[in-house]
Amino acid sequence: MDYLTIIQILDSTVRLATPLLLTCLAGLFSERAGVVDIGLEGKLLAAAFLAGAAASVTGSIWIGLLAGVAGSLAFSMIHGLASITFKGDQLISGVALNFLAAGLTVVVGQSWFKLGGRTPSLPTDARFGEWNLPFSDALANVPFIGPLYHELISGHTALTYMALLAVPLSWWVLYRTRFGLRLRAVGENPSAVDTAGVSVVRLRFAALVIAGVLCGMAGTYLASLAAGFVKDMSAGRGYIALAALIFAKWRPWYALSATMLFGLLEAIGNRYQSITMGDFTIPVQFMQALPYILTVIILAGFVGKAIPPRAGGTPYVKER
Amino acid sequence: MSVQSEAGRQATAAPTASTAPIDAPAIELRGISKAFGPVQANKDISITVKKGTVHGIIGENGAGKSTLMSILYGFYKADAGTIHIKGQEVQIADSQAAISAGIGMVFQHFKLVENFTVLENVILGAEDGGLLKPSLAKARTLLKQLSDEYQLSVDPDALIEDLSVGHQQRVEILKALYRQADILILDEPTGVLTPAEADHLFRILEGLKEQGKTIILITHKLREIMEITDTVSVMRRGEMTATVQTADTTPEDLAELMVGRKVLLHVEKKPATPGAQILEIENLHVVDEQGVERVKGIDLHVRAGEILGICGVAGNGQTELLEVLGGYQNGTGTIRLNGEEIDLTGKNSDGQSRRARGISHVPEDRHDEGLILNFQAWENMVFGYHHAPEYQKNRFLMDNAAIKAMTQESMTKFDVRPPNPKLEAKSFSGGNQQKIVLAREIERNPDLLLIGQPTRGVDIGAIEFIHQQIVHLRDAGKAILLVSVELDEILSLSDRIAVMFDGKIMGERLPSETNEGELGLMMAGIAEENPGEAGQ
């Protein structure tokens, strides 16, 4: 394996990890506030569909982004209404949203575009363009640094850079601001926040708004990458992001490394369709299943004890 | 006070000093009423608390103390009545308004974020701006001043979960002071403290009082009322039955006001006549599910016709000891009942086989382990004994009529009110629930009765009855192992007292030859015999 191959795999890793990272951060905000968000998958799908639809109609991926974020936000607010306002079960509400998204995107897609649930394929100028950072072409032929800069660091879409920036920003918000302190507190012990005279409901909704926006970005990224919406295109990325969140122990920087690991596995699976070891050939299906296998391993608790926010999953009811 | 001016947060709803009468009471409630459906939790309650005093509110569980305080702290809105703070009427719609009015509340179950530091907990909800850094710095200096002033020292950077319960409580008090509270409400503050910690708390409260703070102490412990309050109000069934100067009253009078009839505050019992050795425990170790050793090699024995009381602060291994004896926790070591060894692990170590050997168990937590709250009384009355032949109609069906008849009889005998076998367990008051569990376990005529926290959350009238039943069982020649965190209860019921600390027995004492002070020290882990130090 030569240097360029490694760079190319890493480049592909970043590309594939971007939607996971955004989704993982979305889950991080939501769960840190004590709202378990199994509906990430549904939000991704809804956002991808609306982004694909809007971009194909208007020809602008930025309008697609607006539509995707709006769709994801709407789903987030339904989740909030059910599980915060009406104190329903967060898991059930999330699962319901996933089903709703899976069905609705296809039905509405068929009704709008008559393409069997797909949206029309997006032309290049209706997708996110690659951002070439300064001197990218000039440096391309410099040994070692050239490929690194040209291939890996430069040449991603705006959303990728935004996702990477969202990591330190999330950390700063969570650990350095009043809002972050209250958000973390409400996920640990909402009654402490309530008795301190701060609204639990408002904080949790704020967290869901952030989660909705981040998920909307992730969904739009998927639609742009695949040049349009296809049925079930999120392919379990919402659940993988949740697994990464557990792996990351609900921390932003760990979330970055966790999602990069998943991205790397997916990149390897895509590049090496089959590996031959002596007489034995590892089948392509196994390589492509790698991220999902890791998900199972993480969820089975093989990676050490992860302590979730203590009030996660329980609606806040004032005690007498 | 300098601290006040520096704290910076201006109380918005609080009346300004210039308009209020100088000697206005700190708090005045007028005609407060609150109903939850058909239940009248507070009925026309009026109360006046003078500034700079400690005012006790005492009453049984369900008397309406907590509801009243929740109204004062903005959790509920009163149906009728007004609240006056420093002479001015205020509307308290939520906790924020209560805080602004200068009210600080220390809840029975602390409202702290366990994995936050002390500083973070103190500023939570009272930050100065969008960024944390300045708030944290300010809180650090202020905390230092407050801790010097009131003996409230805590490490500002410690995580709450690493602090002892006593220190966590100090953080709660600091939280209130940081928000410039000058009225401090404490709800059952000593329930979780060792006697030494409770004494320290009272010294802190004295200090706060000297600085002109007003303190409201809610408790069901008569001793605390007598020790620290200036005035005391008694509540019974949602009504305020009396407000008196503490100096003019006695514990007996207060108990009578609380219950509505004369109550025996100490247990009447004859000296014990211990017989044969019933229970022997040798070198018992218990390791819990997390791998923590909870019981670290204890030796105990209980004879027929005696009550062995085990005291200690909650969480020092008493629970695990009861669980092993009751058969639902594994242990290592030797336990003999009537001279025969019993299994501590494996299939012969469960509640069923323990009961078959003559061990009855009244668990510490009647809601989780003693009862199924959604089941009716008669169903609860047979749990653990449902295999008994007298309750089987044939191979498949149980004889429900027989169980109900037995329940009816037991309920009458143990004065369970209302004596209705078909009522769900959750519909009974704490005291009556405990009587159901007690009846179930005592009526099976065990050789050994394990009983944990027999009167936790039980009102005074029922406490008296439960204590009598325990003494009767002893007089009938049974062995009783009593675990309680209430020192009063241990001292008045036990024939021998063993103190548990950190999974070990610190020592045994006879109730006639010890006192709360000595037991308190042992409960805090201070070695029993230390002649060298005692002499200095």
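Residues numbered from 1 in each chain as written. Chains lettered and ligands numbered in written order. Predicted model: local features only at pLDDT ≥ 70, side-chain atom pairs only at ≥ 80, totals over all residues. Heavy atoms only, no water.

1. Regarding the overall build of chain B
And step 1. When helices and strands are counted, chain B shows 19 helices and 20 strands.
And step 2. For 536 residues, the compact-globule estimate of 2.2 N^0.38 gives 24 Å, and chain B sits close to it at 25 Å.
And step 3. Nonlocal contacts in chain B, meaning residues at least 24 apart in sequence, comprise 67% of its contacts between residues at least 6 apart.
And step 4. Accessible surface, chain B: about 23100 Å² in total, of which carbon and sulfur atoms supply 50%.
And step 5. Taking the 53 positively charged and 76 negatively charged side chains of chain B as two groups, their mean positions are separated by 5 Å. (Helix = DSSP H or I, 4+ residues; strand = E, 2+ residues; numbered from the N terminus. Rg over C-alpha atoms; globule rule 2.2 N^0.38 Å. Contact = heavy atoms within 4.5 Å. Areas by Shrake-Rupley, 256 points an atom, 1.4 Å probe, with all protein chains shown as cover. Lys, Arg positive; Asp, Glu negative; His and termini not counted. Charge placed at Lys NZ, Arg CZ, Asp CG, Glu CD.)

2. Remarks on the overall build of chain A
And step 1. In terms of regular secondary structure, chain A is built from 13 helices and 2 strands.
And step 2. Seen along its three principal axes, the alpha-carbon backbone of chain A occupies a region of about 70 × 45 × 45 Å.
And step 3. Looking at the 320 residues of chain A, the share that counts as buried comes to 52%.
And step 4. In chain A, of all internal contacts separated by at least 6 residues, the share reaching a separation of at least 24 is 78%.
And step 5. Only carbon and sulfur atoms are counted for the fraction: they give 69% of the accessible area of chain A, which is about 13900 Å². (Buried < 20%, exposed > 50% of the residue type's maximum accessible area, 1.4 Å probe, protein only.)

3. Brief notes about the domain arrangement of chain B
And step 1. You can read the domains of chain B as domain 1 (1–102 + 182–192 + 213–260), domain 2 (110–181), domain 3 (264–358 + 446–536) and domain 4 (371–445).
And step 2. When each unit is reduced to the centre of its C-alpha atoms, the spacing between domain 2 of chain B and domain 3 of chain B is 38 Å. (Domains from an automatic or database assignment.)

4. A closer look at the interface of chain A and chain B
And step 1. In this assembly, 22 residues from chain A lie in contact with 29 residues from chain B.
And step 2. On the surface where chain A and chain B come into contact, there are 4 salt bridges.
And step 3. Taking the shortest distance from any N to any O, the salt bridge between A:Arg182 and B:Glu127 comes out at 2.6 Å.
And step 4. Along the contact surface separating chain A from chain B lie 7 residue pairs in polar contact (both at pLDDT 80 or more).
And step 5. Counting residues per element, the ones that place at least two in the side of chain A that touches chain B are helix H7 (158–176), helix H8 (178–188) and helix H9 (190–195) of chain A.
And step 6. Counting residues per element, the side of chain A that touches chain B draws most heavily on H8(A), at 6 residues. (Salt bridge = Lys/Arg side-chain N within 4 Å of Asp/Glu carboxyl O. Polar contact = N/O pair within 3.5 Å; in protein donor to acceptor, adjacent residues only side chain to side chain.)

5. Some details on empty space enclosed by the protein
To find leftover empty space, one rolls a probe the size of a water molecule over the atoms.
And step 1. According to the stated counting rule, one finds 2 cavities of 30 Å³ or more in the structure shown.
And step 2. In this structure, the largest cavity encloses a volume near 120 Å³.
And step 3. In this structure, the largest cavity is lined by 14 residues; those nearest its centre are A:Thr195, B:Tyr73, B:Met105, B:Lys175 and B:Arg179.
And step 4. Broken down by secondary-structure element, the contributors of at least two residues to the lining of the largest cavity are strand E6 (103–106) and helix H6 (165–178) of chain B. (1 Å grid on protein atoms, 1.4 Å probe; cavity = no way out; pocket = protein on both sides within 12 Å on 5 of 7 lines; lining within 4 Å. Points joined across faces, edges and corners; volume = space filled by probe spheres on them.)

6. Details of the UniProt feature "transmembrane region" (unreviewed entry) in chain A
Residue and element names in this part refer to chain A.
And step 1. The sites that carry the UniProt feature "transmembrane region" (unreviewed entry) are, in the present numbering, residues 12–29, 44–70, 91–113, 158–175, 205–230, 250–268 and 289–307.
And step 2. For residues 44–70, the helix share is 93%, the strand share is 0%, and the end-to-end C-alpha distance is 12 Å.
And step 3. Structurally, residues 91–113 comprises 100% helix and 0% strand, and the distance from its first C-alpha atom to its last is 33 Å. (UniProt positions renumbered as here; feature names shortened; annotations may be inferred.)

7. So, the pairing of strand E20 (residues 504–509) of chain B
Residue and element names in this part refer to chain B.
And step 1. Pairing of strand E19 (residues 496–501) with E20 involves 5 bridges; the strand directions are antiparallel. Bridge pairing links Val-499 to Gly-507 in E20.
And step 2. Between the end of E19 and the start of E20, which pair antiparallel, lie 2 residues, with Asp-502 showing a positive phi angle near 50 degrees. (Pairing = 2+ DSSP bridges.)

8. Quick notes on the environment of B:Leu205
Residues and elements named next belong to chain B.
And step 1. With respect to the helices and strands, Leu-205 occurs in helix H7 (residues 195–210).
And step 2. You can call Leu-205 buried: its relative accessible area is 1%.
And step 3. Contacts of Leu-205, omitting those with residues within four sequence positions, involve Leu-186, Ile-215 and Ile-228.

9. Here we look at the packing of aromatic side chains
Geometrically, a pair of aromatic rings is defined through the distance of the ring centres and the angle of the planes.
All names here are of chain A.
And step 1. On inspection of all chains with the given rule, the structure shows 12 aromatic pairs over all chains.
And step 2. With 5.2 Å between their ring centres and 85 degrees between their planes, Trp-62 and Phe-128 make a pair best called edge-to-face. Separated by 66 residues along the polypeptide, Trp-62 in helix H3 (residues 61–85) and Phe-128 in the loop between helix H4 (90–113) and helix H5 (136–139) bring together distant segments of the chain.
And step 3. On the accessibility criterion, Phe-128 (9% relative accessible area) is buried.
And step 4. Between Trp-131 and Tyr-161 the ring centres are 6.1 Å apart and the planes differ by 20 degrees, which places this aromatic pair in the stacked class. Taken as a pair, Trp-131 in the loop between H4 and H5 and Tyr-161 in helix H7 lie far apart in primary sequence, 30 residues in all. (Phe/Tyr/Trp six-rings, centres within 6.5 Å; stacked < 30°, edge-to-face > 60°.)

10. What to know about the pairing of strand E12 (residues 293–303) of chain B
And step 1. Two elements, strand E11 (residues 277–287) of chain B and E12(B), share 8 bridges in a ladder whose sense is antiparallel. Bridging across to E12(B), B:Val286 finds its partner in B:Val295.

11. Focus on a nonpolar patch on the surface
And step 1. Where nonpolar side chains cluster on the molecular surface, the patch consists of A:Leu169, A:Trp171, A:Trp172, A:Trp253, A:Tyr254 and B:Leu131 and spans about 620 Å² of accessible area.
And step 2. Of all the secondary structure elements, the ones that give two or more residues to the nonpolar patch are H7 and helix H12 (252–271) of chain A.
And step 3. For the nonpolar patch, the element with the highest residue contribution is H7(A), accounting for 3 residues.
And step 4. Relative to the elements of secondary structure, A:Trp172 occurs in helix H7. (Patch = residues over 30% accessible without salt bridge, like charges linked within 9 Å, V, L, I, M, F, W, Y side chains within 5 Å.)

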